[in-house]
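Listed below are the residues making up each chain.
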Amino acid sequence: HLAMLAECRFHIGQPEDALRLAQMALPGADPALRPVVWGTVYEVSRYLGDAQGAARACDELAKHDARYRRQAALVRRGEPLLRVVADVGGARYELE
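Residues numbered from 1 in each chain as written. Predicted model: local features only at pLDDT ≥ 70, side-chain atom pairs only at ≥ 80, totals over all residues. Heavy atoms only, no water.

J.: Kindly report on the confidence of the model for the chain, identifying the contributing residues and their values.
T.: Close inspection of predicted coordinates is inappropriate in any region flagged by low pLDDT. Per-residue pLDDT for the chain averages 91, and the proportion of residues at 70 or more is 99%. Across the chain, element-level confidence peaks in helix 2 (residues 15–25) with a mean pLDDT of 96 and bottoms out in strand 2 (residues 91–95) with 81. (pLDDT = per-residue confidence, 0-100. Helix = DSSP H or I, 4+ residues; strand = E, 2+ residues; numbered from the N terminus.)

Written as structure tokens, this is what we have:
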């Protein structure tokens, strides 16, 4: 499957190929698998420094998980070099 191959390529240090494969997988992806593929597009785009590509992927991910709306805004304005995220009693808190 192209989505799995994209993940493998990313993890062996071939991010450009991973992004190409993930984008190829999207049109034919099962609706239940699309968030996983968009997650790969998001991570690879971030790794490559493509903030707009990562933000577009977040927009798609937000259709399935509202937490990505905030992440899209963060990516668009420029991610900080260090973020601290804590889970306290099931509530998520993040410091930039």
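Okay, back to it.
J.: Quick one: what's the story with helix 3 (residues 34–47), residue by residue and with numbers?
T.: Residue pairs spaced three or four apart in an α-helix point in one direction, given the helix's 3.6 residues per turn. Between the first and last C-alpha of helix 3 there are 20 Å, a value that for 14 residues agrees with the 20 Å anticipated at 1.5 Å per step. Along helix 3, the positions that sit buried rather than exposed are Val37, Trp38, Gly39, Thr40, Val41, Tyr42, Val44 and Ser45. Where the residues of helix 3 are buried, they touch helix 1 (2–11), helix 2, helix 4 (51–62) and helix 5 (67–77). (Expected span 1.5 Å × (residues − 1). Buried < 20%, exposed > 50% of the residue type's maximum accessible area, 1.4 Å probe, protein only. Contact = heavy atoms within 4.5 Å.)

J.: Can you break down the side chain of threonine 40 residue by residue, with the values?
T.: Structurally, the position occupied by threonine 40 is in helix 3. When its relative accessible area of 4% is taken as the criterion, threonine 40 is described as buried. When neighbours within four sequence positions are excluded, threonine 40 is seen to be in contact with Ala6, Glu7 and Ala22.

J.: Provide a residue-level description of a nonpolar patch on the surface, including the pertinent values.
T.: Judged by side-chain polarity, Leu81, Leu82, Val84 and Leu95 come together as a nonpolar surface patch covering roughly 510 Å² of accessible area. Assignment of secondary structure puts leucine 82 in the loop between helix 5 and strand 1 (84–88). Among the residues examined, leucine 82 registers a relative accessible area of 62% and is labelled exposed. (Patch = residues over 30% accessible without salt bridge, like charges linked within 9 Å, V, L, I, M, F, W, Y side chains within 5 Å. Areas by Shrake-Rupley, 256 points an atom, 1.4 Å probe, with all protein chains shown as cover. Salt bridge = Lys/Arg side-chain N within 4 Å of Asp/Glu carboxyl O.)

J.: Explain the nonpolar core residue by residue, including any values.
T.: Counting 22 residues, the largest nonpolar core has Val37, Trp38, Val41 and Tyr42 as the members making the most contacts within it. Elements with a minimum of two residues in this core: helix 1, helix 2, helix 3, helix 4 and helix 5. Beyond its immediate chain neighbours, meaning those up to four positions away, tryptophan 38 contacts Leu26, Ala57, Glu60 and Leu61. (Core = buried A, V, L, I, M, F, W, Y, C linked by side-chain atoms within 4.5 Å.)

J.: Give me the side chain of serine 45: which residues, what numbers.
T.: Relative to the helices and strands, serine 45 resides in helix 3. Classification of serine 45 as buried rests on a relative accessible area of 2%. Engagement of the side chain of serine 45 in a polar contact is seen with the backbone oxygen of valine 41, the distance being 2.7 Å. Those residues in contact with serine 45, other than ones at most four positions away along the chain, are Leu19, Asp50, Gly53 and Ala54. (Polar contact = N/O pair within 3.5 Å; in protein donor to acceptor, adjacent residues only side chain to side chain.)

J.: Just give me the short version of the packing of aromatic side chains, but keep the residues and values in it.
T.: A ring pair, where both rings are aromatic, is described by two values, the distance of the centres and the angle of the planes. Inspection of every chain in the model, using the stated rule, returns two aromatic pairs. Judged by centre distance (5.5 Å) and plane angle (80 degrees), the ring pair of phenylalanine 10 and tyrosine 47 falls under edge-to-face. Residue phenylalanine 10 is found in helix 1, and its partner tyrosine 47 is found in helix 3; the two are separated by 37 residues along the sequence. Plain terms: the ring middles of tyrosine 42 and tyrosine 68 are 6.2 Å apart, the flat faces sit at 80 degrees to each other, and that makes the pair edge-to-face. Placement of tyrosine 42 in helix 3 and of tyrosine 68 in helix 5 is noted, with a sequence separation of 26 residues between them. Overall, tyrosine 42 belongs to the buried group, its relative accessible area being 5%. (Phe/Tyr/Trp six-rings, centres within 6.5 Å; stacked < 30°, edge-to-face > 60°.)

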